[in-house]
Amino acid sequence: MTCKTDILLVTPPLLQPNTAYPATAYLKSYLGQQGFRAEQYDLSIQLLNAIFSAGFLTEIFDRYTAGEDPNIQRIFRLRASYTGTIEPVIRFLQGNDPTVANLICSADFLPQAGRFEFIEDIETAYGTIGMIDCAKYLATLYLEDIADFLRATVAPHFGLVRYAEKISLSVPEFALLETELAKPLNPMEERMLELLEEQIREKNPNHIGFTIPFPGNLLSALQCARHIKKRHPGLPVIFGGGYPTTELRSLTDAGIFQYVDYIVLDGGEIPLRQLLSGEKPVRTFTCVEGRVIFSGHPTEEIHHRDRGCPDLSGLPWEKYFSLVDTANPMQRLWSDGRWNKMILAHGCYWAQCAFCDTSLDYICRYEALDAVTVVDYMERMIAQSGQTGFHFVDEAAPPRLLKEMALEIIRRGLKVSWWGNIRFESAFTGDLCLLLAASGCIAVSGGVETASNRLLEKMNKGVSIEQLTLVLRNFYYAGIMVHAYLMYGFPSQTLPETVDALEVVRQLFQAELITSAFWHRYAMTVHAPSGKNPADFGVRIKNKPPHPFANNEIHFAEDRSYNVAAAGDSLRQATFQYMRQTAFEKPVHTWFEGRAPQTSHEPTLVTDQLIKPDGSRMYDQRARLIFVGNTPQRTADGLLFTGNAKEKSLKFSDAQADFLMEIIALVSDLSRRITLEQVKTIYSRYSEEPFLYFYHSKKWDILRLYGLWQI
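Residues numbered from 1 in each chain as written. Predicted model: local features only at pLDDT ≥ 70, side-chain atom pairs only at ≥ 80, totals over all residues. Heavy atoms only, no water.

**Student:** Can you explain helix 12 (residues 218–231)? Please cite residues and give values.
**Tutor:** One turn of the α-helix equals 3.6 residues, which is why residues spaced by three or four share an orientation. The end-to-end C-alpha separation of helix 12 is 20 Å, in line with the 20 Å expected for 14 residues at 1.5 Å each. The buried count for helix 12 comes to 11 of 14 residues, which makes it a mostly enclosed element. Those residues of helix 12 that sit buried are Leu218, Leu219, Ser220, Ala221, Leu222, Gln223, Cys224, Ala225, Arg226, His227 and Ile228. (Helix = DSSP H or I, 4+ residues; strand = E, 2+ residues; numbered from the N terminus. Expected span 1.5 Å × (residues − 1). Buried < 20%, exposed > 50% of the residue type's maximum accessible area, 1.4 Å probe, protein only.)

Here is the structure:
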């Protein structure tokens, strides 16, 4: 058999089923530029499509022996309904047969088991016209029922978006994983290996690489690697991705090398290029005579722009399917929609937060694309995938780049939707947020963290409650949804501060400044400033690393006067209600068990910030003026401004109207930079009145509503 492929890049199960994870697409692009034949295979989505099929479910039901769980028994009794509906449901979730929504929303089409007992109020959540969304929600509950059956009968570690995640979290010795690997394969794992084998035979690669972004991908990758060693002993196996990069940097345990030949840290481009060229790879673990050897780091890194545009060829776009487990429009973005995933900038431009892995390459080495290149890539990805939605998966997308990208999108007339992660910087003024929305921004996510100014300063977050409130206001007025990442249990955080944090979140939700939020318990890692210097944060290390296999999370002890886990439960329960726009009247301290103190915050903490002026209404002669609306029409007494949904006739003197027509013509050309200082000079030709009188007028505020913005 002749070699068709230099390397097969595999995404192992399981990841979100709605869109492709971007790692293999970036690697394929770079290796292709270097002259190598690289193919990619999303084993995760292929396996999910195989599992959620009539044939596979029939096989699983045939294996079932009576158990004691009444919910599982009910699913088994409804087996004919499940096998008869699974394929229409998957086609619907793939967007291939939307008319099935009518059936799904009917009373008797879907079999219903335990997950339907916790169903949301559908009429309230989806109204009378949201049939497609309602059907997606019901279909997701249906798939979760099937997942419950699979876990209870044949695949105890199965999850819709992860596999055996708990087993792979911070494993100190590889022998713990070998215990799991020694167990007989279950039917799902057997099918996974069949799919992998088919792909190996078709592509006939010289190398095979697995990207392992999360702990929930490790066990399946190891099972695949073991299969390859048995069936294709001469085929080198390479592991890389987020999990090895964060967990295996201090690897000395040689056990894993029974399954894998190379383990790559950080960006895989240079090591893979060297391996395919027959060179000794840098930044790579190997095993020589039972000893783990690390080859060292490269003297020079490739720039983010050298990775090129993600190459999406070979990805089965027709097989990705959406899940909707909540009516919350922001939260569902992660699981609903086929987003093109893309990285605007490698690393984080801030890279100072005490809880973050700031010592690792993926955080500390910051490199950004330019806006023209970004939009070039967007157009190429649209042509490849047929999808116009983008999820920018940056650690924190830089405001300046987002501004220039938005201008370039509008200049080209490109119609896209996009969202991504940011920091709540003061740079996100009201007009910048309006510009981002005009370019297609629908949502942002960012860290509110502990929602405590003392702790935000201690963790070197670089924002305050007051600042983030103003930024949230600007996104709200622009119609951009916001998801808040929240944190509890940070070292030295007290119960009163935790209660105060919930009060901040309550007020933000009540003011509709955030759309959704999620509380994460603080985890200390070996790569973060807090993990490197735990004494600075007043904690004692309990499991001092390094361990021979995985090293990431550090368990620590701290003198606390309250139950942190219980406090986390209280925070989540309250926030769940806030996301439903309920329970705002309940005092926040009553969510906590025992005797919790009342909040020390004023009930107007958030609303007091909302009356403060926005940066885009403060005169700055260096600021740029742009116009992205429809050209106004001259009238007998002024100008008529027309928007897509409204129009406004404004009275101006002839001189002011002439001035505005000239200025709008100038600043509508987004390839030119016109500053307020230049505008002020032009105004002096039309009027002896100081420009600032006009700039601070009510009419100038109205002009902003029709696309005249200061950025």
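**Student:** Describe the nonpolar core, and please don't skip the residues or the numbers.
**Tutor:** Across soluble globular proteins, nonpolar side chains have a tendency to be buried as a group. The biggest cluster of nonpolar side chains holds 185 residues, and the ones touching the most others in it are Phe52, Phe158 and Phe239. Of the residues forming this core, the biggest block, 12 residues, is contributed by helix 8 (residues 131–153). Every residue in contact with Phe158, bar those within four places of it in the chain, is listed here: Leu14, Leu48, Ile51, Phe52, Ala147, Leu150, Arg151, Tyr163 and Met188. The next biggest cluster of nonpolar side chains, apart from the first, holds 27 residues, and it includes Leu639, Ile674, Tyr683 and Trp700. (Core = buried A, V, L, I, M, F, W, Y, C linked by side-chain atoms within 4.5 Å. Contact = heavy atoms within 4.5 Å.)

**Student:** So, the pairing of strand 6 (residues 284–288): which residues are in play, and what are the values?
**Tutor:** Note that strand 5 (residues 262–264) and strand 6 share two bridges and pair antiparallel. Pairing of Ile263 across the sheet is with Phe285, part of strand 6. Sheet topology places strand 6 next to strand 7 (residues 291–294); four bridges connect them, and they run antiparallel. Residue pairing across strands places Val288 opposite Arg291, the latter belonging to strand 7. (Pairing = 2+ DSSP bridges.)

**Student:** Can you break down the packing of helix 17 (residues 399–412) against helix 18 (residues 430–438) residue by residue, with the values?
**Tutor:** Between helix 17 and helix 18, whose axes approach to 9 Å, the crossing angle comes to 45°. The angle between helix 17 and helix 18 falls in the class oblique. Between helix 17 and helix 18 the crossing geometry is left-handed. Across the interface between the two elements, Leu402, Lys403, Ala406, Leu407 and Ile410 from helix 17 touch Leu432, Leu435, Leu436 and Ala438 from helix 18. Looking at the contact of helix 17 with helix 18, its residues break down into eight nonpolar, no polar and one charged. (Axes fitted to C-alpha atoms, helices over the stretch in contact; angles between N-to-C directions. Parallel < 35°, antiparallel > 145°, perpendicular 65-115°, else oblique. Left-handed = near helix turned anticlockwise from the far one by under 90°. Nonpolar A, V, L, I, M, F, W, Y, C, P; charged D, E, K, R; others polar.)

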